[in-house]
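# A structural walkthrough
What follows is the residue order along each chain.
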Amino acid sequence: MAWGIEGEESVDKLGNLLQEIYEAVAGGQLRLAAMGVRSLLEQMMVAKVGDQGTFAKNLNAFQEKGFISLVQRDAMSAILDAGHAVAHRAFEPLKDDLNTALDIAEGIFAAIYIHANAANKLADRVPPRPKKP
């Protein structure tokens, strides 16, 4: 996979990037944080579906493979566009913009990397239903 991220190593690397994004927001470096969120989302997509060549194709594949819903896809598209605008069109996001972007990115990260593993561990511990006589 791209960037060499997969499994627990992926969670660690993405978690470290997320921490850097939080630090950028806390330090008022909102443009850097927006570009960081864009990078975080891209790395999650590429780790799960490979590099499809463009952000739009990565996003479509990410949704088609079931990692996100259509609603989440549209939200991610808006976040990715904000990151592009920072990098290429001198867009200056507000702190509220970053909070929204982080809420969405955190939810997707948690659903893919945290909740899925926790749910599997729970499923392993749940006793089977008794068989009907």
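Right above here is the structure, for reference.
If you're wondering where the values come from, they're calculated on a predicted model, not measured in any experiment.

## A short note on the pattern of salt bridges
- One pass over the full model with this rule turns up two salt bridges.
- Arg-73 serves as the salt-bridge partner of Asp-74, at 3.5 Å between the closest nitrogen and oxygen.
- For Asp-74, a relative accessible area of 44% corresponds to the partly exposed category.
- As a salt-bridge pair, Arg-89 and Asp-81 come within 3.4 Å of each other at their nearest N and O atoms.
- In this structure Arg-89 comes out as exposed when scored by relative accessible area, which is 52%.

## Quick look at the side chain of Asn-58
- Its place among the elements puts Asn-58 in helix H3 (residues 55-64).
- Residue Asn-58 is classed as buried on the basis of its relative accessible area of 2%.
- Among residues more than four places away in sequence, those in contact with Asn-58 are Met-45, Val-46, Val-49, Gly-50, Asp-51, Gln-52 and Gly-53.

## Observations regarding the packing of aromatic side chains
- Tallying each qualifying case throughout the model produces two aromatic pairs.
- Judged by centre distance (5.4 Å) and plane angle (15 degrees), the rings of Phe-62 and Phe-67 are stacked.
- Classification of Phe-62 by relative accessible area gives buried; the value is 0%.
- By relative accessible area, Phe-67 is classed as partly exposed at 28%.

## What to know about the nonpolar core
- Counting 33 residues, the largest nonpolar core has Ile-21, Val-37, Leu-40, Leu-41, Met-44, Phe-62 and Met-76 as its most contacted members.
- Mapped by element, the contributors of at least two residues to this core are helix H1 (7-26), helix H2 (30-49), H3, helix H4 (70-89) and helix H5 (95-125).
- In terms of residue count, the dominant contributor to this core is H2 (10 residues).
- Filtering out sequence-adjacent residues up to four positions away, Val-37 remains in contact with Ile-21, Ile-79, Leu-98, Ala-101, Leu-102 and Ala-105.

## Here we look at the side chain of Arg-38
- Looking at where Arg-38 falls in the secondary structure, it is placed in helix H2.
- Once you skip the residues sitting within four places of it in the chain, Arg-38 turns out to touch Phe-55, Leu-80, Gly-83, His-84, Ala-87 and His-88.

## As for unusual backbone geometry
- With a phi angle near 60 degrees, Ala-90 is a residue other than glycine that sits in the positive phi range.
- Here Ala-90 lies in the loop between H4 and H5.

Reading guide: rules and limits
Residues numbered from 1 in each chain as written. Predicted model: local features only at pLDDT ≥ 70, side-chain atom pairs only at ≥ 80, totals over all residues. Heavy atoms only, no water. Salt bridge = Lys/Arg side-chain N within 4 Å of Asp/Glu carboxyl O. Buried < 20%, exposed > 50% of the residue type's maximum accessible area, 1.4 Å probe, protein only. Helix = DSSP H or I, 4+ residues; strand = E, 2+ residues; numbered from the N terminus. Contact = heavy atoms within 4.5 Å. Phe/Tyr/Trp six-rings, centres within 6.5 Å; stacked < 30°, edge-to-face > 60°. Core = buried A, V, L, I, M, F, W, Y, C linked by side-chain atoms within 4.5 Å.

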